[in-house]
Amino acid sequence: MNTATKVTTFAASFAVVVGAAYALGTVIGPVAAMVDPVGHPTRKPSEGHADGHQASAHEAPPAGGLQSSDGGYTLELKTPHLEADRRAELRFAIRDKEGRPVTAYRTEHGKQLHLIVASRDLSSYQHLHPTRAADGTWSAPITLPDAGDYRAFADFTPAAEGSKNLTLGADLAASGTYQPKALPAPSRTAEVDDYTVTLDGRLRPGSAQGLTLTVSKQARPVTDLQPYLGAYGHLVALRSGDLAYLHVHPHGTPGDGTTRPGPDISFTATAPSVGAYRLFLDFQHKDTVRTVAFTVHAAESGEEPSGPAGGSDSGDHQH
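Residues numbered from 1 in each chain as written. Predicted model: local features only at pLDDT ≥ 70, side-chain atom pairs only at ≥ 80, totals over all residues. Heavy atoms only, no water.

## Here we look at the sheet that holds strand β10 (residues 166-175)
Piece 1. The sheet built from five strands is open, its strands ordered β3-β10-β9-β5-β6 with mixed pairing. Single-partner strands in this sheet number two, and they are β3 (81-83) and β6 (125-128). Strand-to-strand twist of the sheet, defined as the mean angle between neighbouring strand axes without regard to direction, takes the value 25°.
Piece 2. One ladder, built from seven bridges, connects strand β5 (residues 113-119) with strand β9 (residues 148-156); its direction is antiparallel. Within β9, the residue paired with A118 across the bridge is R151. (Pairing = 2+ DSSP bridges. Helix = DSSP H or I, 4+ residues; strand = E, 2+ residues; numbered from the N terminus. Axes fitted to C-alpha atoms, helices over the stretch in contact; angles between N-to-C directions.)

In structure tokens form, the structure reads like this:
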């Protein structure tokens with residue numbers, strides 16, 4: 001995962017990692033209705049994150065997580081099948097081009113590797129931090145809440161000189177009776193516990209746009225957010241349909257003398273294509289990390305997607 005100053009999330013795959021910029025772009029209009037994604041771009045190898053530079057209208061930002069192998073590295077799931085609604089150990093390894101397990105990584109945002117697990121219908125999202133054994137096997141306890149198909153994303157940078165940040169993806173299945181859920185309606189307000197988070201801004205294909213998420217608790221602005229993974233908020237975006245992964249980080253760094261601990265958390269995001277995206281925000285307050293989710297639609301400039309905007313989403317997401 002890129003550092004906070006380099007900033008990415010969440011762009012889309014759905015997962016989508018969007019690179020954060022240092023200045024918030026113009027915030028425009030309400031988040032509009034979602035439609036099925038179309039025109040998914042071809043991704044450049046070894047690029048899972050945007051670098052904060054604005055893409056041209058003809059140059060879509062790279063999306064990560066669509067491949068299990070990239071840049072000479074492969075994500076190998078050792079437990080590709082789990083039982084739904086039962087706590088289990090998810091085990092995997094990263095192998096190099098020689099097939100050897102990788103045992104040396106760069107530490108980014110306090111961790112050597114970040115693991116995202118999302119259901120194909122985007123009703124479930126978990127951001128995990130697995131532990132690595134001496135032989136290179138990673139493991140993390142997990143409960144997949146419902147039967148069906150999931151996608152696991154490993155976000156990491158090998159320690160080898162010249163290595164780039166990678167996001168590799170692999171399919172994961174949970175046994176049981178599968179009942180897919182519809183993508184939640186477009187939303188710009190989400191709630192979890194006593195907290196409300198509002199989203200201001202809009203996604204545009206191939207154009208960097210400002211996103212601001214504002215956190216309040218019982219109608220009072222939260223001004224004492226705690227750093228989480230080196231920032232006041234952590235945003236991941238996944239594109240509906242193929243789960244293209246975009247990872248976005250907020251502007252600024254805690255302790256830099258200018259970035260305030262809330263209530264606003266600002267990002268810059270560029271969608272790789274038109275279509276529906278699911279945005280997942282992690283934030284920490286009172287020593288607890290909470291997650292909220294939003295459905296947004298990326299449309300070309302001047303295009304207004306049909307359907308109602310607004311609605312709330314408390315989500316059923318786990319950490």
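## Here's the deal with the sheet that holds strand β2 (residues 73-77)
Piece 1. The strand order β1-β2-β4-β8-β7 describes an open sheet built from five strands, whose pairing is antiparallel. Two strands lie at the open edges of the sheet, namely β1 (69-70) and β7 (131-132), each paired on one side alone.
Piece 2. Looking at chain direction, strand β4 (residues 88-95) and strand β8 (residues 137-142) are connected through six bridges and run antiparallel. Bridge assignment links A93 to a residue of β8, and that residue is T137.

## Some thoughts on the pattern of salt bridges
Piece 1. Under the definition given, this model contains 10 salt bridges.
Piece 2. One salt bridge connects E83 with R86, and the closest N-O pair in it is separated by 3.4 Å.
Piece 3. The partner of R100 in a salt bridge is D96, and the shortest N-O contact between them spans 3.0 Å.
Piece 4. Among the residues examined, R100 registers a relative accessible area of 51% and is labelled exposed.
Piece 5. The network of salt bridges with shared partners includes E76, K78 and R95. (Salt bridge = Lys/Arg side-chain N within 4 Å of Asp/Glu carboxyl O. Buried < 20%, exposed > 50% of the residue type's maximum accessible area, 1.4 Å probe, protein only.)

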